[in-house]
Each structure stands twice: as C-alpha cells, then as structure tokens.
Amino acid sequence: MALLIVFEGVEGSGKTTQTQILRDKLESVNQHAITTREPGGTASGELIRNIILDQEDLTPMSELYLFNAARSLLIEQLVIPQLRKEVHVIMDRFIYSTMAYQSYGREIPLQTVKTINEIASHQVVPDVIVLLDIPPQKALSRRPDPRDRFEREALDFHTKIRDGYLAMAQENPRDWIVIDADLKPDQIAEIVWGKIQPLLNI
C-alpha cells in the first residue's frame, strides 16, 4: 500500500529538505516515491502559488479559497493517481498548514477552514503527519532575506502558527509525529525513517 506522508511546520523549519531526504531513502529500498508541495504541484497550482506568495492585496478568505483551489487540482491530478499506482506521495504542507495559517494566524473560524479543506482535499487523509517544530525566531533566522509575504509577517503571526500546529498535534497525538527541527537534518531524517519503515512492505 502506498503511503501519503505530510511534512508540516513554520517557515524555515526544514520541510523541503526532509521531503527530499525521505524520497531518496524510499527509492534506495526500491519504494517508488514522489515529492510535491502546497500550494503548487500542478501547472495551474504553481500559478496560484505565485499569486498567494506575491500579491499584497489578498484577504484572509481569498487566501483560503486560493489555497484550496490549488489543493483540489493537486489531489485530483497528482496525489490520487499516484497513490493508485502504488507510488508513495510525500507532501511539503497539506490541510494542516491552512488551518495553522488561515485559522490560527489569520483568525478565520477553524470550522470554516476545516469544511473548505475537506471539500478541496476530496477527503484524502495522510498516513503520517510529521511536524518539524522549532521556535519561529530560530527558523526565520535561517532566512535573513524574506522571500515572500508570509516570511515578511511579524513574529507574532508565526508564533500563532506554531501554537496552532502544536494544538493540532496535541489533540491527535496518534496521527502526528512531532520532531525538534533544531536537530541536524540527518538526525531528523533518522527519526522520520524510524517511523516510516515499519509501515512499508519490505
């Protein structure tokens, strides 16, 4: 059975690095795997990503709808087809980012965000959720030159996002793996692999 594995965390927590490490590790044991990201992962999704990250006039609700427009495309066009082909899918962000950013960060009611997420995700649920947890001030210091409007947000915004992630993980501890993202990348990768390997048919 192919796995859907999701990495979550604040800006600069190391999600992209870990998705690539895990993909390479899976391929090394003859497990087909791909990586993708939210927002993005499809041609139209990448265009939506550029709008979300660059346009300063977006409202919280417009952000929410744009994220989910890109998500619906990604799930329909990439995630579901690949899982059906028995290819593991490793995602850099998923619905939990939207809950953290648009609800805890932008203060849209959580139930509103959950409802729209559920529709756009076609009720696809990950097998593993990895939260790379790190204080935002440490994570942001890894990127001294902010690359998009989310990274340029005030520290308080990023703190709310981290609090949101931790609240979700605490509410569903069986579904979440929380890892100290201040560890070295290879140490994090070893912990992740220790959780993933028992789920594989190898």
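Quick note: structure is the one above.
Predicted, not measured: the structure shown is a model, and the values here were computed from it.

> So what's going on with helix α8 (residues 185-196)? Residues and values would help.
Under the 1.5 Å per step criterion, the end-to-end length of α8 is 16 Å for twelve residues, consistent within 8% with the ideal 16 Å. Taken residue by residue, α8 has Ile188, Ala189, Val192, Trp193 and Ile196 as its buried positions. Along the axis of α8, the buried residues cluster in a sector spanning 135 degrees; they form a single face.

> Give me the nonpolar core: which residues, what numbers.
Leu22, Tyr96, Tyr165 and Ile196 are the most contacted members of the largest nonpolar core, which totals 54 residues. In terms of residues, this core owes the most to one element, helix α3 (residues 60-84), which gives seven residues. Those residues in contact with Ile196 that sit more than four places away from it in its chain are Leu3, Ile5, Leu22, Leu26 and Val128.

> Tell me about the environment of Tyr101, and please be specific about residues and values.
On the secondary structure map, Tyr101 appears in helix α4 (residues 95-105). A relative accessible area of 4% means that Tyr101 is categorised as buried. Taking the C-alpha atoms as reference, Tyr101 lies 9.2 Å from Leu64; in sequence the two are 37 residues apart. For Tyr101, the residues in contact, after removing those within four places along its chain, are Gly9, Val10, Glu11, Arg93, Arg106, Phe150, Phe157, Ile161 and Tyr165. Separated by 2.6 Å, the side chains of Tyr101 and Glu11 make a polar contact.

> I'd like a rundown of the packing of helix α2 (residues 43-54) against α3, residues and numbers included.
Look at α2 against α3: their axes get within 9 Å of each other, and the N-to-C directions meet at 165 degrees. Taken together, the axis directions place α2 and α3 in an arrangement best described as roughly antiparallel. For the pair α2 and α3, the sense of crossing is left-handed. Contacts between α2 and α3 involve Ser44, Gly45, Ile48, Ile51 and Ile52 from the former and Leu66, Phe67, Ala69, Ala70 and Leu73 from the latter. Along the lines of polarity and charge, the residues of the contact of α2 with α3 split into eight nonpolar, two polar and no charged.

> How would you explain the packing of aromatic side chains if you had to name every residue and give the values?
Going through the model one piece at a time under the given rule, you end up with five aromatic pairs. Between Phe94 and Tyr96, the ring centres sit 6.3 Å apart and the planes meet at 70 degrees, which makes this aromatic pair edge-to-face. On the accessibility criterion, Phe94 (0% relative accessible area) is buried. Judged by centre distance (5.7 Å) and plane angle (80 degrees), the rings of Tyr101 and Phe150 are edge-to-face. In this pair, Tyr101 sits in helix α4 while Phe150 sits in the loop between α6 (136-141) and α7 (155-171), placing the two residues 49 residues apart along the sequence. Residues Tyr101 and Phe150 agree in their burial class; the two are buried. An aromatic cluster of three or more residues is present, and its members are Phe67, Tyr101, Phe150 and Phe157. Sitting over the face of the ring of Phe150, Arg149 holds its NZ or CZ atom 4.9 Å from the ring centroid.

What counts and what doesn't
- Each chain carries its own residue numbering, running from 1 in the written order of its sequence.
- The predicted origin of the model limits local features to residues at a pLDDT of at least 70 and limits the giving and counting of side-chain atom pairs to 80 or more, whereas totals for whole chains, interfaces and linings rest on all residues.
- Derived side-chain values reflect all non-hydrogen atoms in the structure, with water molecules and hydrogen atoms excluded from consideration.
- Numbered from the N terminus, helices here are DSSP runs of H or I no shorter than four residues, and strands are runs of E no shorter than two.
- A helix is expected to reach a length of 1.5 Å times the quantity of its residues less one.
- When a residue's accessible area, from a 1.4 Å probe over protein chains only, is under 20% of the maximum for its type it is buried; when over 50% it is exposed; and in between it is partly exposed.
- Note that the arc is computed from the directions linking the helix axis to the C-beta atoms.
- For this analysis, a nonpolar core means a set of buried residues of the types Ala, Val, Leu, Ile, Met, Phe, Trp, Tyr and Cys, connected via side-chain atoms within 4.5 Å.
- Residue contacts are defined here by distance: any two heavy atoms, one from each residue, within 4.5 Å place the two residues in contact.
- Counted as a polar contact is a pair of N or O atoms within 3.5 Å, where, for protein atoms, one must be capable of donating a hydrogen and the other of accepting one, and residues adjacent in sequence contribute only when both atoms are in side chains.
- Note on method: axes are straight lines fitted to C-alpha atoms, helices fitted across the in-contact stretch only, with angles between N-to-C directions ranging 0 to 180 degrees.
- Any angle from 65 to 115 degrees is called roughly perpendicular, while one under 35 is roughly parallel, one over 145 is roughly antiparallel, and all others are oblique.
- In a left-handed crossing the near helix is turned counterclockwise from the far helix by less than a right angle, and in a right-handed crossing that turn is clockwise.
- Residue classes follow a fixed rule: Ala, Val, Leu, Ile, Met, Phe, Trp, Tyr, Cys and Pro count as nonpolar, while Asp, Glu, Lys and Arg count as charged, and any other residue, Gly among them, counts as polar.
- Planes of paired rings set the category: under 30 degrees apart is stacked, over 60 is edge-to-face and the rest tilted, where pairs are Phe, Tyr or Trp rings (Trp by its six-membered ring) whose centres lie within 6.5 Å.
- Working rule: Lys NZ or Arg CZ, within 6 Å of ring centre, within 35 degrees of ring normal, means a charge sits over the ring.

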